[in-house]
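Here is what each chain is made of, one letter per residue.
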There are 2 protein chains.
Amino acid sequence: MYLEVRHLYTLRVIRDSGSLARAAERLHLTQSALSHQIKALEEQFNCTLFARKSRPLRFTPAGTRMLELAEQVVPAVQAMERELARLAGGETGRLHIAIECHSCFEWLMPTIDSYRDHWPEVEMDLSTGFSFDPLPALVRGDIDLVITSDPQEIAGIIYEPLFRYEALLTLAKDHPLASHAWIEPPHLATETLITYPVDRSRLDIFRHFLEPAGIEPAGRRTAELTLIILQLVASKRGVAALPNWVLTDYLEQDYVTARPLGKQGLWGTLYAALRTDDRNTPYVRDFIETATETSFRTLAGIQPA
Amino acid sequence: MYLEVRHLYTLRVIRDSGSLARAAERLHLTQSALSHQIKALEEQFNCTLFARKSRPLRFTPAGTRMLELAEQVVPAVQAMERELARLAGGETGRLHIAIECHSCFEWLMPTIDSYRDHWPEVEMDLSTGFSFDPLPALVRGDIDLVITSDPQEIAGIIYEPLFRYEALLTLAKDHPLASHAWIEPPHLATETLITYPVDRSRLDIFRHFLEPAGIEPAGRRTAELTLIILQLVASKRGVAALPNWVLTDYLEQDYVTARPLGKQGLWGTLYAALRTDDRNTPYVRDFIETATETSFRTLAGIQPA
DNA sequence: CATTAACATGAATAATATTCAAGTTTAACA
DNA sequence: TGTTAAACTTGAATATTATTCATGTTAATG
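Residues numbered from 1 in each chain as written. Chains lettered and ligands numbered in written order. Predicted model: local features only at pLDDT ≥ 70, side-chain atom pairs only at ≥ 80, totals over all residues. Heavy atoms only, no water.

### Overview of the overall build of chain A
Scanning chain A from terminus to terminus reveals ten helices and eleven strands. If one aligns the C-alpha atoms of chain A with their principal axes, the spans along those axes are about 65 × 50 × 30 Å. Within chain A, the fraction of its 305 residues that count as buried is 51%. Restricting to contacts in chain A with at least 6 residues of sequence separation, those with at least 24 account for 75%. (Helix = DSSP H or I, 4+ residues; strand = E, 2+ residues; numbered from the N terminus. Buried < 20%, exposed > 50% of the residue type's maximum accessible area, 1.4 Å probe, protein only. Contact = heavy atoms within 4.5 Å.)

### Looking at the protein's contact with DNA strand C
If you check the shell around DNA strand C, you find 20 residues, and the closest are T30(A), S32(A), A21(B), S32(B) and R52(B). Within 4 Å of the protein, the atoms of DNA strand C are drawn from sugar and phosphate moieties in a proportion of 60%. Note that a base oxygen of DNA strand C is positioned 3.0 Å from one of the side-chain N or O atoms of H36(A). R52(B) is positioned such that a nitrogen or oxygen atom in its side chain is 2.5 Å from a phosphate oxygen of DNA strand C. Elements with a contribution of two residues or more to the surface near DNA strand C: α3 (31–45) of chain A together with α2 (20–26) and α3 (31–45) of chain B. No other element matches the five residues that α3(B) contributes to the surface near DNA strand C. Partitioned by chemical class, the residues of the surface near DNA strand C number six nonpolar, nine polar and five charged. (Near = heavy atom within 4 Å. Polar contact = N/O pair within 3.5 Å; in protein donor to acceptor, adjacent residues only side chain to side chain. Nonpolar A, V, L, I, M, F, W, Y, C, P; charged D, E, K, R; others polar.)

### Structural notes on the packing of helix α1 (residues 5–17) of chain B against helix α4 (residues 61–87) of chain B
Residues and elements named next belong to chain B. Across the interface, α1 lies against α4 with an axial gap of 8 Å and an inter-helix angle of 110 degrees. As far as their axial angle goes, α4 and α1 are roughly perpendicular. Crossing handedness for the pair α1 and α4: left-handed. Residues V5, L8, Y9, L11, R12 and R15 of α1 form the contact with α4, whose own contacting residues are G63, M66, L67, L69, A70, E71, V73, V74, P75, V77 and Q78. Grouping the amino acids of the contact of α1 with α4 by side-chain chemistry returns twelve nonpolar, two polar and three charged. (Axes fitted to C-alpha atoms, helices over the stretch in contact; angles between N-to-C directions. Parallel < 35°, antiparallel > 145°, perpendicular 65-115°, else oblique. Left-handed = near helix turned anticlockwise from the far one by under 90°.)

### Regarding the interface of chain B and chain A
Counting residues at the interface gives 23 residues for chain B, matched by 22 residues for chain A. Roughly 2,100 Å² is buried in total at the junction of chain B and chain A, and carbon and sulfur atoms are behind 69% of that figure. Contact with chain A buries surface across chain B, with R65(B), M80(B) and L84(B) losing the most and accounting together for 26% of the total. Taken together, chain B and chain A are joined by four salt bridges. Between E83(A) and R65(B) there is a salt bridge whose closest N-O contact spans 3.0 Å. For the pair chain B and chain A, the interface holds six residue pairs in polar contact (both at pLDDT 80 or more). For the side of chain B that touches chain A, the secondary structure elements donating two or more residues are α1 and α4 of chain B. The leading source of residues in the side of chain B that touches chain A is α4(B), at 15 residues. Class assignment of the residues belonging to the side of chain B that touches chain A gives a composition of 16 nonpolar, two polar and five charged. (Buried area = accessible area lost by both parts, 1.4 Å probe. Salt bridge = Lys/Arg side-chain N within 4 Å of Asp/Glu carboxyl O.)

### Thoughts on the side chain of D150(B)
Residues and elements named next belong to chain B. Tracing the sequence through the fold places D150 in the loop between β5 (145–148) and β6 (157–171). Exposure remark for D150: the relative accessible area of 8% places this residue in the buried category. With residues near it in sequence (within four places) discarded, D150 still touches R202 and R207.

### Quick look at the pattern of salt bridges
Side-chain pairing between opposite charges can occur once the charged atoms of the two side chains come close. A full pass over the atoms with the stated rule returns 38 salt bridges over all chains. Salt-bridge contacts for E42(A) lead to R52(A); the nearest nitrogen and oxygen are separated by 2.9 Å. Residue E42(A) is found in helix α3, and its partner R52(A) is found in the loop between β1 (50–51) and β2 (58–59); the two are separated by ten residues along the sequence. Given the relative accessible area of 32%, R52(A) is considered partly exposed. With a closest N to O distance of 3.0 Å, R202(B) and D150(B) form a salt bridge.

### Describing the state of the cysteines
Residues and elements named next belong to chain A. Following the criterion strictly, the structure yields two disulfides over all chains and no others. Each sulfur in the disulfide pair C101 and C104 lies 2.0 Å from the other. The disulfide joining C101 to C104 has a torsion of about 100 degrees about its S-S bond and is therefore right-handed. Both residues of the pair, C101 and C104, belong to the buried class. (Disulfide = S-S within 2.5 Å.)

### A few points about a nonpolar patch on the surface
A contiguous nonpolar surface patch, about 270 Å² in accessible area, is contributed by L225(A), L227(A) and I228(A). Locating L225(A) in the fold gives a position in the loop between β8 (219–222) and α8 (226–234). (Patch = residues over 30% accessible without salt bridge, like charges linked within 9 Å, V, L, I, M, F, W, Y side chains within 5 Å. Areas by Shrake-Rupley, 256 points an atom, 1.4 Å probe, with all protein chains shown as cover.)

### Focus: the protein's contact with DNA strand D
Residues in contact with DNA strand D amount to 19 residues; listed here are only the nearest, A21(A), Q31(A), R52(A), T30(B) and S32(B). The sugar-phosphate backbone supplies 55% of the atoms of DNA strand D found within 4 Å of the protein. The contact in question runs from a base nitrogen of DNA strand D to an N or O atom on the side chain of Q31(A), over 3.4 Å. In this structure, a phosphate oxygen belonging to DNA strand D sits 3.2 Å away from a side-chain N or O atom of Q37(B). Elements with a contribution of two residues or more to the surface near DNA strand D: α2 (20–27) and α3 of chain A together with α3 of chain B.

### Brief notes about the packing of aromatic side chains
For the coordinates displayed, the defined rule picks out 18 aromatic pairs over all chains. Ring centres 5.1 Å apart and planes at 80 degrees place the aromatic pair Y115(A) and F287(A) in the edge-to-face group. With Y115(A) in helix α5 (residues 105–118) and F287(A) in helix α10 (residues 282–298), this pair connects stretches of sequence that are 172 residues apart. The burial state of Y115(A) is the same as that of F287(A); both residues are buried. With a centroid separation of 5.4 Å and an interplanar angle of 80 degrees, the aromatic rings of F163(B) and W245(B) are classed as edge-to-face. (Phe/Tyr/Trp six-rings, centres within 6.5 Å; stacked < 30°, edge-to-face > 60°.)

### A look at the domain arrangement of chain A
Each assigned domain of chain A is listed here: domain 1 (5–87), domain 2 (94–163 + 268–298) and domain 3 (164–266). Computed from C-alpha coordinates alone, the two centres of domain 1 of chain A and domain 3 of chain A are separated by 37 Å. (Domains from an automatic or database assignment.)

### Some remarks on the relation of the copies chain B and chain A
Structural alignment of chain B on chain A gives an RMSD of 0.1 Å, achieved by rotating through 180 degrees and translating 0.0 Å along the axis. A rotation of that kind, with that shift, is consistent with a two-fold axis. When the interface residues of chain B are mapped onto chain A, 96% of them again lie at the interface, so the same face is used by both copies. (Least-squares fit on C-alpha atoms with pLDDT ≥ 70 in both.)

Okay, here's the thing in structure tokens:
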């Protein structure tokens, strides 16, 4: 065995996720595979790289040194890969993005920032899919990429999963439902549900939580901006299902509280939809990679798809 | 497939050796393996890395860029590996070296220079084995490493091959034998052979060239220093068998000329002899690695062992 | 127009990474 | 103190990937 870029990449993910088990998920490997990988490294260099017994796990001096190398090497490799991708053709093109996901700005903005650095020649545009259905526009070629949590089978369109997130029911701090460890559908029969202004068929809380149980909320009202929704919730005008990552800051500041929907929680997956033709276009591929990487760096509580 | 350190290492060797075939030898791989490896890289990045049809082969812009990465990454990886090896223990120790090879200073000095940088704590010493037989001293533990081209089976001693070289018969420029494309043993029956002052049983030209043919040179004289030997040859006091790498400068300056010994040439291997116990000692291993690397960088015309 | 050296290719094999199916260990909790 | 769950380890089975082997192609050379 030899030290390879793969190992360095692994090491970074382990540090970022704080445990072998979680790192394995992100790397799309079993936890056993990672254990073997690290063990082989440790045997080759005849030293331990980190102490597993503490959470988050701690790197030894040797592990820290190797991580330092990783920090130098991995970005350099990625930079070269991007440059070659540009060289290989398709260095310029158009990337018009539409988002159906109303809370996506948080990771989309840093993603676009860092993407622009790598692909200055790509003409970018961003439209929010509030008023029109973006998928036909994607098929027609008016736009090139749609961020959505609701993949619909359409010929010529593929969905690349970005990450999984949990929808939490956001509640005022002293809301009665906060006494439950998790929310069941009947709990909502007497509540006003605040949502983004989209058709209920696009909302997971209806499709995968309330409708299967045959429950209707007492009322519904909509708001476009996440901040407004939160204000409404805080002032007890209703409750709202929001992605966990949107809430981390507000929960920490104790502005609102939140509970899982169902014992297992209500999980959704965010996808990038693109035309099959664009599947291997370098600058499109790299956008997706940049997006997942940025998300995992920026967002707390999300899971690999 | 992914870009790995291995590929970057390969790329450097290809550049240094100017052809896939030679690079393969140095990497201890078949030429086919290398061809596959490069092909896979080129397919992954969808570009060619170098033009094969020219000798030495030329890197494309993409290849150059990747080589640039290699130049940054490989030394960084090696540096970390050495640091970890020191951390893992055995960071300090003794390395007393004896050389039997009289022309080895050329690569030994740069080797020791760069080695000292990496292992400042290791106490080094160098003795030339002119007067005593170093192998018993190695067994006893008086010295720790012997550079020799003449491995003798001794319990507790192993030989790590460094590189292969060709012994050439060095001749005055206008020497009659220079008219032959290569030298046969009978040609030497009328010549004075100039050698280093060691027993003839240690000299490859006797053991593997003259004795098998039952030929004796007309005379023999010795000199300790390579430069003196060359002066004697140039002034027609005799002929001498010397490693090819010693001669490159003098041949270029047209000071002397040289011919292969036999149609296939007379090839020898240089070894590092060490005690079996020291086989895995980090600072000893690294000396051997540094030595081969330095040799291939410094010396022209040598071959992987 | 042979001949040689360098490189390419497809199939076979060897080496290596990963998973699978246990088994430990640790920490949390009743 | 026992019980459970989560995180990690381990050895054997399997899958994947790298390398070799045998052979073909190409380009340069006499």
